[in-house]
Amino acid sequence: MLIVTCPVCGAHGDETDFHAGGQAHVRRPATHDPVNVTDEDQRDYLFVRHNPKGLHFERWRCDRGCGKWFHAARDTVTMEFKAFYKITDLPPPELMAAAKGPWAEYFASRVKLESKA
Amino acid sequence: MSSKPYRLGSGGRLIDRARKIHFSFDGKPMTGFAGDTVASAVLASGQRVFGRSFKYHRPRGVIGLGSEEMNALVGIGDGARHEPNLRATQVELHDGLMAVSQNRWPSLKFDIGAINNSVSRFLPGGFYYKTFMWPVSFWKHVYEPVIRRAAGLGRAPEGRDPDAYENIHVHCDVLVIGAGVAGLAAAEAAAATGSRVIIADENPRFGGLADISGGSIDSQSQADWAAAKAASLAAADNVHVLNRTSVVGHWHHNFLMLFERVADHDPALLAAGVPRHRLWKVRAQQVILATGSIERPIAFANNDRPGVMLASAARGMVERYGVAPGSEGIVFTNNDDAYQTAMVLKTAGVSVRVVDSRSRAEGALPAKAREMGIEVDAGSVISAVHTSFGGLNITDVKVAAYRKGQGRVIKEKKVPCDFVAMSGGWNPALHLWCHNGGKIRFDDALQSFRPERHHDAIRAVGAANGTFALPEILAEAYAAGEAAAKSIRKTKSAAVAVPAAIQADQKPMEAIWFAPATGKYNEGNKHFIDYQNDVTAADLELAQREGYESVEHTKRYTTFGMATDQGKTSNLNGLGVLSEATGRTIPEIGVTTFRPPYTPFSFGSIAGPLTKNLFLPIRRTPVYQWHADRNADFEPVGQWRRAYTYPGASEDKHASITREILSVRNKVGLLDASTLGKIEIKGPDAAEFLDRMYTNMFSTLKVGKCRYGLMMNELGFLSDDGVTVRLADDHFLMHTTSGGADRIAAWLEEWLQTEWTQYKVFVTPVTEQWAQFAIAGPKARDVLEKLEPDFDISHAALPHMSFVEGKLGAYPVRLFRISFSGELSYEVATPSNLGRGLWNEIVAAGAEFGLEPYGTEALHVLRAEKGYIVVGDETDGTTTPVDVGFDGLVSKKKADFIGKRSLEQPYLKGPDRKQLVGLLTEDPNEVLPDGAYAVRQVKDKPPMETIGQVTSSYKSPTLGRSIAMALIQNGRARMGETLSFPLPGGKVVKAKITDTVFYDKEGAKLNV
Amino acid sequence: MSELYYESPLAGVAAPPGLAVSLREIPDRGMIDLRGFTSDRKFMAAAKEVLGIALPKEPRTSVAWGDIKVLWMSIDQWLILCPRTKAAELLASLREALTGIHSLAVDVSDMRAVIRMEGYGCAEVLMKGTSLDLQSPDYTAGTCRRMRFAEIAALLHVVEDDVFDIYVFRSYAHYVWEFLNVAAREPAKVKLFGSQDVTV
């Protein structure tokens, strides 16, 4: 049983009081440019997920609490949660630095965007 | 049999000789004392055989003292209260208790299955896999029943369980597992900080093995010290003590399940309604594992004969229950600890000698034993066990000289005896440590595994941690208890002083994995490793030779370490044998996975109270009772119970459904549609948001008007539909399907929160605020008029797909002119607590117009006659709006909405998609079964290539014939074609493809 | 047409004998679901104006003023409790005060059943259905939170010590009522922490 803490309202409890929502930080291509989404972009968005041994970024909803979605970083081996953070946020810097695969690219592009802004 | 031979004249710390208890074993009346277990009482009566073994049906007796027992499994109670496979060593005696042995037929003494033993050379490891392979058709009906009968454990109870069971969720700071000396010490230290502590132990009395371990704490016996600590913990406000409670599993984040046998030991409690078992679901901040250790058997020839038991069990029987395991015994050991057994037996007047596999036995305990006059054969093993006919009674053993590593027997002597107490050393009980991935390492001194590290907040102390010396156990346990508590919150409380302890020093043990035996290897001299699964050393060696090199493969091939026992006594001995067979070290071989539960627990405790009427939450609409009073047939729709039809006194369901349909078509009907999902959506961006959610456009909807909407998921597949009304510019009320209410509300929230976070939109589900009824049929307006609306309901003022809020008489209502039947129809919603009242008013007002309530089956036929789809019937999760002919509802104007881009993926286009069509069977009386397949070409037998399937099929009373809808490959291009539907049994139904609208194609009936 | 006929979700249901705590339905509570942003000063001010008290911002807390109570439901959602007879009027005032302010106020008085539990040991009974740590000091009087109870969603409000209101969607009222009837049986008392009488 995973024990989860909601970063929005602080509710703390069993995973059954929450709802797991799969991989986090997946970009929906059509939101940004509905016209120029290639078949491959759409395929990757819908079906291609990262399944690492170790650090995993994922979405959760405080289903039996405040109802808000949020992010979590979890170690898939020990099941330890490394961080909980808001749905609009990026993970803490040390976890961004440790991220691999598509997350590393995503975080880098987000950080770049935000520093421009 | 009298209780003479084995009940000692005095002693037995746990029994009360003043209270006799009457019970039965295999129907034979027996007596014991209060405090006895079934094992001790039956042994006291002189009977040693408790059951037959799993595969060979060899007679088996008691081996252990507690939960490690793997042989003496008994069934307790009769009828519905029968519980199989309980360990006789743990079942507390009470008056009237009925125990039966298992896996024997026809009797314990004479068992037909024992023939397996004489042919055992043909039953090697992997026997079942090798033999029962061909033909495949024999698996289910020949092999499986035969194997199950021959190799069963106990039988299941008969009838419905009469008892109550419970679950409870509890949180604590520190959970201490095991209430031996180490557990008590850790709990005391943790509790002293003010932490909330739970301490649980599987036995009725706390103290673990303190009473048979010698030594003293604070100048008291270990047992007295433990009793005093247990009492003070039980009295503490911040401690919850749980006896008769097994911690059966440890899961992520320190979630544990504790199985409490609340009332098994006392029929009076059960009679008073106390739950029989309670399953505790505990979330602990910190866990202390003080589960102690389990004594290892030794693999010597015929080490399973009744009368062979663990050394700790032998002395436990004497000390706790005043029961001697026999009159003349051998203690066979490889360590000093078992000498305590020899001394306890000697003191109790039982003749005993020690066989020690070590070449020198010179520790303090052996010295003391010799002083007491006990003979010791050092450098020796038991090489044979001889029994009377049938293996029931031991007559003597052979003792042979032994040097470590030696494979065959040299000097042998015959020693008469009637029991053997064996000790191959002690294994820390690591099961719970390992359930959730704790790492262990092999300790050379212990010749066993001990905890190494764990990613959860769990600490092992005492014997569970491989610490066996009493002073060290105490120091370690107090420190761990305090550290665990203080890791949660800092306190200033002073540490509890560690009490002084005295215990004899012990010299190192020497592992012995296999004792050489008289005669040719493995001929009639089985060395049992896993008693419960009848796995011998030879089986393990054979598995190695046959290539099962991984220990996990060996486990599955031979079944060693499986079943209820989970390798408690067998695991390490098995690894030892494998190690000697392969020349690899035990750490190289590795261990098999320990899986929950540690000991079996009841299904009743898992279900708790969620049985019968609580098995599944049942949802009732505000008019539920009216339906029930009208003898409605209920249909489950998700968790809802909806009225399916209302059969009259002399009607069958078919007749009542027909009547209800015709009533709507010709007069007027009333449907309880309260289960429909209802969601209020409001905000400046609400319209744009709905454009994103639906396939069609909602920003163009006028205030006061309704529009039917389709929703897809991101894959482009239909997920829900319903009518949405615009209450104000920035305010909508959405209807969803009954099953989609919660899902769609969550779906809307998800997109608002995660993707279009800039939208200012609030979403509030209000499904249950409203009771909602459909009044449908040509007379619907007449009924409405009779209900005194305070608004204009004329066709001009309130045309199809419009909405009005007002009052019907005294009742506040929201009125939607929408139709799912194709008739003039209104859906009227009123606050739920007024629902029953309004329903009654409508029924009364409708009487003169012939109004009849109709159920969900009539609803479905009515909509099918009109070709209206039901998401979930006409769609199956891989169906697009285009497939069902809703191209027109998929907006071409909107740049983006959920699922839009996926519809353009090549795999969702093309002529091979299945498309929704109508079907008319050639025989108008033939109703196709739901799901029937259309095939390209009919053949004598399957396989036949299918080209689609029936999604809805009914007998339409309106049309006087059958109608159906189906998803057919490229269906819309095949209008007029006749398809074949082969049914099970060989019949082939032919049906012509038509339009999906069977009734009132122009929709004239809607606009009146 | 005749008068309004009113029927609460558990109308006609009575608690069985032999329970360790008392159970009854509160059949006539007015409830309004209010959505809005705490960061929106106009919204917060308008709500306070109508209710006479500020909406609680602290998660899982409630506030009371006269016969009105406001339960925190989420960072942008509150459940306003009032006598049923006042609900319509209060809703109208709220809507008026919130005109032009992004918000959503809905009368949900009929959406939930309310069950009142009273007596020593309520927490223990509830813990047979919820994994919340009701024995922790977090659950002081006034605390409210949504939870999974038995197999369904519920809202718990600690009214005062040993007095709890449980809100469930009305269709589940009988299910929860029957669950509580079983969980609260006198012989099924657990006597957690400190109230044990046991010899080990």
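Reading guide: rules and limits
Residues numbered from 1 in each chain as written. Chains lettered and ligands numbered in written order. Predicted model: local features only at pLDDT ≥ 70, side-chain atom pairs only at ≥ 80, totals over all residues. Helix = DSSP H or I, 4+ residues; strand = E, 2+ residues; numbered from the N terminus. Buried ≥ 20, exposed ≤ 12 C-beta atoms within 10 Å, placed from the backbone. Contact = placed C-beta atoms within 7 Å. Nonpolar A, V, L, I, M, F, W, Y, C, P; charged D, E, K, R; others polar. Pairing = 2+ DSSP bridges. pLDDT = per-residue confidence, 0-100. Axes fitted to C-alpha atoms, helices over the stretch in contact; angles between N-to-C directions. Parallel < 35°, antiparallel > 145°, perpendicular 65-115°, else oblique. Left-handed = near helix turned anticlockwise from the far one by under 90°.

Chemist: So what exactly am I meant to see when it comes to the overall build of chain C here?
Modeler: For chain C, the helix and strand inventory stands at 4 helices and 10 strands. Along chain C, helices and strands appear, N-terminal first, in the series β-β-α-β-β-β-α-β-β-α-β-β-β-α. The burial tally for chain C puts 48% of its 200 residues in the buried class.

Chemist: Which parts of the structure should I look at to understand the interface of chain C and chain B?
Modeler: One widely used convention gives an interface's size as the accessible area the parts lose upon coming together. Taken together, the contacts link 44 residues of chain C with 53 residues of chain B. For the side of chain C that touches chain B, the secondary structure elements donating two or more residues are strand E2 (29–35), strand E6 (104–107) and helix H4 (173–183) of chain C. If you tally residues by element for the side of chain C that touches chain B, the top one is H4(C), at 6 residues. In terms of residue class, the side of chain C that touches chain B is made up of 23 nonpolar, 10 polar and 11 charged.

Chemist: When you look at the sheet that holds strand E11 (residues 220–221) of chain B in this model, what are you seeing that I'm missing?
Modeler: The pairing of strands in a sheet comes from backbone hydrogen bonds and takes either a parallel or an antiparallel form. Residues and elements named next belong to chain B. Strand order in the open sheet formed by 3 strands is E11-E10-E29, with antiparallel pairing between adjacent strands. Two strands lie at the open edges of the sheet, namely E11 and strand E29 (501–502), each paired on one side alone. The pairing of strand E10 (residues 216–217) with E11 spans 2 bridges and is classified as antiparallel. From the neighbouring strand, Ile217 faces E11, where its bridge partner is Gln220.

Chemist: Would you mind showing me how to read the confidence of the model for chain C here?
Modeler: Any residue range with low pLDDT should be treated as having predicted coordinates unsuitable for detailed reading. Here chain C averages 96 in pLDDT, and 99% of its residues register 70 or above. Interface confidence for the predicted complex, expressed as ipTM, amounts to 0.97; the pTM equals 0.94.

Chemist: Would you mind showing me how to read the sheet that holds strand E22 (residues 394–401) of chain B here?
Modeler: All names here are of chain B. Across the sheet, which stays open at both edges, the 3 strands sit in the order E21-E22-E23 with antiparallel pairing between neighbours. Two strands bound the open sheet, and with one partner strand each, they are strand E21 (380–387) and strand E23 (412–416). Put simply, the sheet's adjacent strands are angled 25 degrees from each other on average, direction ignored. The pairing of E22 with E23 spans 5 bridges and is classified as antiparallel. Paired with Lys398 across the strands is Lys414, a residue of E23.

Chemist: How should the packing of helix H13 (residues 537–545) of chain B against helix H14 (residues 551–558) of chain B be read in this particular structure?
Modeler: In helix packing, the relevant descriptors are the interaxial angle and the interaxial distance, both defined with respect to the helix axes. Residue and element names in this part refer to chain B. Here H13 crosses H14 at 120 degrees, and the two axes come no closer than 10 Å. Judged by the angle between their axes, H13 and H14 are oblique. The chirality of how H13 crosses H14 is right-handed. Each of Asp539, Leu540 and Ala543 in H13 lies in contact with H14, whose residues at this interface are Thr554, Tyr557 and Thr558. In terms of residue class, the contact of H13 with H14 is made up of 3 nonpolar, 2 polar and 1 charged.

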